[in-house]
Amino acid sequence: MTWSERDQQVIWHPYTQMQTAPAPIGIIRGEGASLFDEAGNSYLDATSSWWVNIHGHAHPYIAQKLATQAMQLQHCIFAGYTHPAAVELAERLLPVLPGRQSRVFYSDNGSTAIEVALKMALQYWENKGIRKQKILAFHHAYHGDTFGAMSVSSRSVFTAPFDDLLFEVHFIDTPTPDNLPQLKAAIENLGPDSIAAFIFEPLLQGAGGMLMYEADALDQLLQYCKQQQILLIADEILTGFGRTGKNFAMENVATAPDIMCLSKGLTGGALALGVTTCTAAIYDAFLSESKLKTLFHGHSFTANALACTVALASLDLFLQPECAQQRDRIHAQHQQFLQRLAAVGTVKHTRLLGTVLAFEIVTPGQDAYTNQLADELHRFFRAKRIMLRPLGNTLYILPPYCITNEELERVYESILEFVGTMG
Ligand SMILES: *Cc1c(COP(=O)(O)O)cnc(C)c1O
C-alpha cells in the first residue's frame, strides 16, 4: 500500500471534508520550493506549506543546526530552568522587532501565541485593578482555531458550530482614509474605558481572504486606540519575517504595539513554535509579591530547544541581505504578472503586498470560502503539480522566498491558463 492509502485508514486531516476530499498526496521529500511525492512527482509549493516556509524545504543550514542541537539538548522544563537556545533567540529577536518589545513568552504555535496575548492583555488590567474586559477586532479577522483565538476571529463557517460558546468580541471594519470617523465613533460608542485590547493582523488579513488594507489608515486608528489606553496586539503570525516586504508589517506604521504574536515563518517553517512578546509596561504589571498576579500559562513544550534552535538558524538566514533581495525580486515579478492579469476579464480585485499576490475569480457564486470554484481550482493546480490552495474563489500566491523566477513563471502561466478557460 502507498502512504496515501495507509493514511486513509487512520488519519483525520485538518480543514478537510474527509468524505469528499481527494486522496492526500504522500510527500516524502522536500528541496527548495519543491516537494516530491512517493511516485516521484515534484510539486511546486506556491503557498509555502500553509504560509510557514520562507527559506525552502529541508534547508541544509537549518537541518545541520537541528541535528547538532538534537545531540546536545532536545527539551527540558521551562519553569525554573532555562537553556541557551531560548535565551539567545529572545536576545536576538527582541531588537529586530518593531516598537520596544522587551520580553518573550514562548508557546507552541500561532493559536497559542494568541491565547497568551489575550491573557496577558486581560490580566494586565486585572492586575492593575482596572476593570476593562472588552476586546476589539476586525471583521474578516482570523487569529487561530483554539477557543480564545476563535473568539477574536470573525464569525464565519470556521466558527459556526461554536458561535454560541465564543466570548463576545466587538468587530469593526478595517480602516480606509474615508471610514476613520465611523470607526472612532464605533469605539466611542463601546466606551473606550471598557476596552482592554485591540487585536489585529497588520496590513494583510490572511485566512479572511488575503485582504489588504493601508498602513496610513491603520496607523491613525492605532494612534487613536493608544490615546484611549487600549492595548494593541499585533498578530504578525502571517505577516512577520518578511512576508509583506519589510521584516515586520508593523514597520509600516509609527505606532508601536504593546504585544506581538509570531509563529509560522519564525522557524522558517520547519518546526512548530509560537512567540508572544510584550513591552516592559505589560511585563511589569505581573511583578508582585503576590502569586495571584502571575501569568498562569504554560505548555509542556514551552521553549522547546529544538524549535528555538531552528528559529535561530532561520533568523540567521532571514537577516542576510540576500533574503530581502529575494523578497524584492518576487515582488517585482508579481508586479509584472499583475499587469498581465489586469487584461483578463475573469479576474477582479487584483492586489499585491510584498511577496503576496491575490485576486478573486469572477464566478456566479458569492465571494466566499464556500464558493464551489475552490474544488475545481484545487483539482486544476494539483494536476499541474502546483500547490495552490484557494480560499473559495480567492486565489493567491505566497511562495517561499527561495522560489526562482522560472518557478514563478510556471505558477503565473498555469493561473493564466485557468482564468483563460473561464467565462
Ligand atoms: C495561521 C494564523 C494563526 C494561527 O496559527 P496556527 O499556528 O495555525 O495556530 C493566527 N493568526 C494568523 C494571522 C494566522 O495567519
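Not measured: the values here are computed from a predicted model.

Conventions used here
- Residues numbered from 1 in each chain as written.
- Predicted model: local features only at pLDDT ≥ 70, side-chain atom pairs only at ≥ 80, totals over all residues.
- Heavy atoms only, no water.
- Phe/Tyr/Trp six-rings, centres within 6.5 Å; stacked < 30°, edge-to-face > 60°.
- Helix = DSSP H or I, 4+ residues; strand = E, 2+ residues; numbered from the N terminus.
- Lys NZ or Arg CZ within 6 Å of the ring centre and 35° of its normal.
- UniProt positions renumbered as here; feature names shortened; annotations may be inferred.
- Buried < 20%, exposed > 50% of the residue type's maximum accessible area, 1.4 Å probe, protein only.
- Contact = heavy atoms within 4.5 Å.
- Pairing = 2+ DSSP bridges.
- Expected span 1.5 Å × (residues − 1).

A. The arrangement of the packing of aromatic side chains in detail. Across all of its chains, the model carries 17 aromatic pairs by this definition. Ring centres of Y142 and F158 lie 6.3 Å apart, and the angle between their planes is 85°; on these two criteria the pair is classed as edge-to-face. One end of the pair, Y142, is in the loop between β5 (134–138) and α6 (147–151); the other, F158, is in the loop between α6 and β6 (170–172), with 16 residues separating them in the sequence. With centroids separated by 5.7 Å and ring planes inclined at 70°, the aromatic side chains of F147 and F162 adopt a geometry described as edge-to-face. Taken together, the residues span a long stretch of sequence, with F147 in helix α6 and F162 in the loop between α6 and β6 at a distance of 15 residues. Each member of the aromatic cluster is reached from another via a ring pair, and the members are Y15, W50, Y142, F158 and Y369. The ring of W125 has K132 lying over it, and the distance from NZ or CZ to the ring centre is 4.5 Å.

B. Quick peek at the UniProt feature "binding site: pyridoxal 5'-phosphate" (unreviewed entry) in the protein. The positions that UniProt labels "binding site: pyridoxal 5'-phosphate" (unreviewed entry) are, in the present scheme, G110, S111, D235, H299 and S300. With the annotated positions falling across 191 residues, the maximum pairwise C-alpha distance of 23.1 Å shows that they are not confined to a single cluster. Inspection of the secondary structure puts G110 in helix α5 (residues 110–127). Looking at the element boundaries, S111 is found in helix α5. Residue S111 is classed as buried on the basis of its relative accessible area, which comes to 14%. Among all residues touching S111, those that are not within four sequence positions of it are H143, G144, D145, T146 and A149.

C. Examining the sheet that holds strand β2 (residues 34–37) more closely. Overall, mixed pairing links the 4 strands, which are arranged β1-β2-β3-β15 in an open sheet. Single-partner strands in this sheet number two, and they are β1 (27–31) and β15 (386–387). Both strand β3 (residues 42–45) and β15 contribute to a ladder of 2 bridges, which runs parallel. Residue pairing in the sheet places L44 in a bridge with I386 of β15.

D. Looking closely at helix α8 (residues 215–227). Here α8 contains 13 residues, and its C-alpha end-to-end distance of 18 Å stays within 8% of the 18 Å for a straight helix at 1.5 Å per residue. Every buried residue belonging to α8 is among A215, A217, L218, D219, L221, L222, Y224 and C225, and all of these are buried. On its buried face, α8 is in contact with β5, β6, α7 (180–190), β7 (195–200) and β10 (231–235). Backbone geometry just after α8 places Q229 at a positive phi near 60°.

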